[in-house]
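The primary structure of each chain is shown beneath.
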Amino acid sequence: MKSEPMGAAPPWPWARNLLWVGLGVLWLVDGALALQPDMYMNMLDIVAMGGWGQPAWMVSLINDGLIQWLYSSHLALAANLLLAGVQLGIGAGLLYFRHKPAGRWLLVASLPVAALIWFFGEWAGGLFGLDVSLIAGGPGAAMLYLLIALLLLQPAAWWQTGAQSERLRRWLGWTWLIGALLQCLPDLWTARTQSLTYLGAAVLSRQSLLTAPIYAMAALGARHPIWLNAILVLLMAALGYLLLRRRTPWMWVLGALVALFTWWIGENFGALLSGASTDPNTGPVWLLLLACAWWECRPHSAPTAAPAAAPADG
C-alpha cells in the first residue's frame, strides 16, 4: 500500500474526507472532555446513572463490578487519563495520517475502543434494557463512531464510484425506521419514562433558557405520554421513509431538524457546559452523516471519477 504523493490532490470524494475529519475531531473532543477537572470521578458517576432500567446482569457487571473496582482500587484517575490519551491519540492520528497507511490502522484500532466505550460507558445504547430511543441518544455515540470507521475502511473503488452516497442514504433511512419501531417499545409510552428521558439530560447542567424547553418537554411527556410518543414515532418513520425513497429534497431539512431536536431536547447538547460531559452525544454525528449523504446525493452531482493512476487505499 502506497501513500499519496506529496502535493497530489486526494482521490477521495468530499463526503469521505468530511467523514474522516469529522470522526477525528469527535475523538479529539471526547479526549479533551475527559481531561476536565475532577472528570475521573464525574465520569464514573455519569456511567453509573446510565444503569437505570438496565437488566440486572448488566448492572452487576458495570456498576457492581467495573465501577466499584475502580473506586476501591483508587485507579479511577489512571483509567481516566488512559482513556483520554487513547481518545486524543486516535483523533490526532486520524487527522494527521488521513492519506497515509497509518490512518487505516488507526481506524482499525478505534473499532475495539469504540465497542468498549459503547458497552461499558453507554450501556450498549440501552439495547439490552429495551428502552433505546434515538431521540434520547440511542444507539450511543460510540456505536456511530464504530460504524463511521467501518464506512471509511471500505475499498477505494467503493468510494470513487459514488455507490457510498446511495448506501449511506439508505442506511440512514433504515436506521430511522428501526428507530421508529424501537420508539414503540412498551416502556416508552409511559409518563414516567417520557418525563425521565428528558429530565435525565437536563439535570446535568444548570437551568437556563437552553434547558427550559427540555423541562417543558418533560412536563408534556408526563401529562400526555401517548400523544407525545406517537408524534415522535410518526416523525422518525416519516424521516426514514423519505430517506429510503428519496422523494423530496426537504428530507434533508427534516433530517437536520430531527438531529438538532435530538441534540437539544433529547440530549441537552451532550451536557457540554456541565463540566461532566463525556462526549457531544449523537446529535452532531447524525448531522455529520446527513451532511455527507446530502452532498453526494445532490441533484446533478456526478460520482467522483477515479484518476487514471489512483494510489492504493492506504
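The sections below set out a description of the structure shown in this document. Bear in mind that the values here come from a model prediction, so they are computed numbers and not experimental data.

### Quick notes on the overall build of the protein
Broken down by element type, the protein carries 13 helices and 0 strands. Of the regular secondary structure in the protein, the N- to C-terminal order runs α-α-α-α-α-α-α-α-α-α-α-α-α. Across the 314 residues that make up the protein, the buried fraction comes to 46%. Total accessible area computed for the protein in this model is approximately 14900 Å², and 72% of it derives from carbon and sulfur atoms.

### A look at a nonpolar patch on the surface
On the surface, Trp-57, Leu-61, Leu-127 and Phe-128 cluster together to form a nonpolar patch covering roughly 380 Å² of accessible area. In this fold, Phe-128 is placed in the loop between α5 (101–121) and α6 (141–152).

### Describing the layout of surface pockets
In this structure, the second largest pocket occupies an estimated 210 Å³ of space. Along the walls of the second largest pocket sit Leu-204, Ser-205, Arg-206, Ser-208, Leu-210, Thr-211, Asn-268, Phe-269, Ala-271, Leu-272, Leu-273 and Ser-274, which together make up its complete lining. In the lining of the second largest pocket, the residues fall into 6 nonpolar, 5 polar and 1 charged.

### With respect to empty space enclosed by the protein
This structure, assessed with the given rule, holds 2 cavities of 30 Å³ or more. What the second largest cavity holds in volume is close to 50 Å³. Forming the walls of the second largest cavity are Ser-133, Ile-135, Ala-136, Gln-183, Leu-188, Thr-193, Gln-194, Thr-197, Tyr-198 and Leu-232. Considering every element that reaches the lining of the second largest cavity, the biggest residue donor is helix α9 (residues 191–202), with 4 residues. Of the residues that constitute the lining of the second largest cavity, the class distribution is 5 nonpolar, 5 polar and no charged.

### Let's talk about α9
Here α9 contains 12 residues, and its C-alpha end-to-end distance of 17 Å stays within 8% of the 16 Å for a straight helix at 1.5 Å per residue. Those residues of α9 that fall on the buried side of the exposure criterion are Thr-193, Gln-194, Ser-195, Tyr-198, Ala-201 and Ala-202. Packed against the buried residues of α9 are α10 (212–223), α11 (225–245) and α12 (250–266).

### Comments concerning the packing of aromatic side chains
The description of an aromatic ring pair uses the distance of the two centres, along with the angle that the planes make with each other. Enumeration over the complete set of coordinates arrives at 11 aromatic pairs. Between Phe-119 and Phe-128 the ring centres are 6.4 Å apart and the planes differ by 75°, which places this aromatic pair in the edge-to-face class. Among the residues examined, Phe-119 registers a relative accessible area of 17% and is labelled buried. Ring plane angle 25° and centroid distance 5.9 Å describe the contact between Trp-264 and Phe-269, whose orientation is recorded as stacked. Relative accessible area serves as the criterion here: at 24%, Phe-269 is assigned to the partly exposed category. A network of ring pairs unites the aromatic residues Trp-57, Phe-119, Phe-120 and Phe-128 as a single cluster.

### A word on the nonpolar core
Core analysis: the largest hydrophobic core is formed by 72 residues, its most contacted members being Leu-23, Trp-27 and Tyr-198. Sequence-distant contacts of Trp-27, defined by excluding residues within four places in its chain, comprise Gln-87, Leu-88, Ile-90, Gly-91, Leu-94, Ser-110, Val-113, Ala-114, Ile-117 and Tyr-145.

### Some remarks on helix α2 (residues 39–49)
Within α2, the full set of buried residues consists of Met-39, Met-43, Leu-44 and Val-47. Viewed along the axis of α2, the buried residues span an arc of 140°, placing them on a single side of the element. Looking at the buried side of α2, the elements it contacts are α1 (14–33), α3 (56–72), α4 (76–96) and α5.

What counts, and at which threshold
Residues numbered from 1 in each chain as written. Predicted model: local features only at pLDDT ≥ 70, side-chain atom pairs only at ≥ 80, totals over all residues. Heavy atoms only, no water. Helix = DSSP H or I, 4+ residues; strand = E, 2+ residues; numbered from the N terminus. Buried < 20%, exposed > 50% of the residue type's maximum accessible area, 1.4 Å probe, protein only. Areas by Shrake-Rupley, 256 points an atom, 1.4 Å probe, with all protein chains shown as cover. Patch = residues over 30% accessible without salt bridge, like charges linked within 9 Å, V, L, I, M, F, W, Y side chains within 5 Å. Salt bridge = Lys/Arg side-chain N within 4 Å of Asp/Glu carboxyl O. 1 Å grid on protein atoms, 1.4 Å probe; cavity = no way out; pocket = protein on both sides within 12 Å on 5 of 7 lines; lining within 4 Å. Points joined across faces, edges and corners; volume = space filled by probe spheres on them. Nonpolar A, V, L, I, M, F, W, Y, C, P; charged D, E, K, R; others polar. Expected span 1.5 Å × (residues − 1). Contact = heavy atoms within 4.5 Å. Phe/Tyr/Trp six-rings, centres within 6.5 Å; stacked < 30°, edge-to-face > 60°. Core = buried A, V, L, I, M, F, W, Y, C linked by side-chain atoms within 4.5 Å. Arc of directions from axis to C-beta.

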